[in-house]
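As a plain string of letters, each chain reads:
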Amino acid sequence: MTREEIVEKVNALLAEEFEVDEANFAPDANIKETLSLDSLSLVDLVAVIQQTYKIKIPVSELKTIQTFDNLYDYILSHAAQA
């Protein structure tokens, strides 16, 4: 799986799940702000990513995922191990 494939799939998933236009997903944009996430919807985001890519995102590592780039990189590095 390439990074480009991850970016495409994640953007499509998040756009549908949170009803936000993909055009707003700049690589360095803050995920929580862009998607207007509260703590409950953040759990939804984690669940969607974990289910789609069959990876676990521990709460301790969630703090390091601030931007879309962080999320893509996290998925790329952890999905490869699955």
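The rules behind these values
Residues numbered from 1 in each chain as written. Predicted model: local features only at pLDDT ≥ 70, side-chain atom pairs only at ≥ 80, totals over all residues. Heavy atoms only, no water. Helix = DSSP H or I, 4+ residues; strand = E, 2+ residues; numbered from the N terminus. Buried < 20%, exposed > 50% of the residue type's maximum accessible area, 1.4 Å probe, protein only. Contact = heavy atoms within 4.5 Å. Salt bridge = Lys/Arg side-chain N within 4 Å of Asp/Glu carboxyl O. Core = buried A, V, L, I, M, F, W, Y, C linked by side-chain atoms within 4.5 Å.

## Overview of unusual backbone geometry
Working step 1: Even without a glycine there, the phi angle at Ser36 is positive, about 55°.
Working step 2: Structurally, Ser36 can be placed in the loop between helix H2 (31-35) and helix H3 (39-53).
Working step 3: Positive phi values are uncommon outside glycine, yet Lys54 reaches one of about 55°.
Working step 4: You can see Lys54 is positioned in the loop between H3 and helix H4 (59-62).
Working step 5: With a relative accessible area of 64%, Lys54 lands in the exposed category.

## Some details on the side chain of Ser41
Working step 1: Structurally, Ser41 can be placed in helix H3.
Working step 2: Sequence-distant contacts of Ser41, defined by excluding residues within four places in its chain, comprise Phe18 and Ser36.

## Notes on the pattern of salt bridges
Working step 1: As enumerated under the stated definition, the model contains two salt bridges in all.
Working step 2: One salt bridge in this structure joins Asp73 and Arg3, with 2.9 Å as the shortest N-O distance. Taken together, the positions of Asp73 in helix H5 (residues 68-79) and Arg3 in helix H1 (residues 3-18) put the pair 70 residues apart, joining distant regions of the chain.
Working step 3: In the salt-bridge network here, residues are joined through shared partners; they are Arg3, Asp69 and Asp73.

## A few points about the nonpolar core
Working step 1: Counting residues in hydrophobic clusters, the biggest one holds 26 residues, and the most contacted among them are Val10, Leu14, Leu35, Leu45, Ile49 and Ile75.
Working step 2: Going through the elements one at a time, H1, H2, H3 and H5 are the ones with two or more residues in this core.
Working step 3: By residue number, the principal contributor to this core is H5, which donates six residues.
Working step 4: Here Leu35 is in contact with Leu14, Phe18, Val20, Phe25, Leu45 and Phe68, once residues within four sequence places are set aside.

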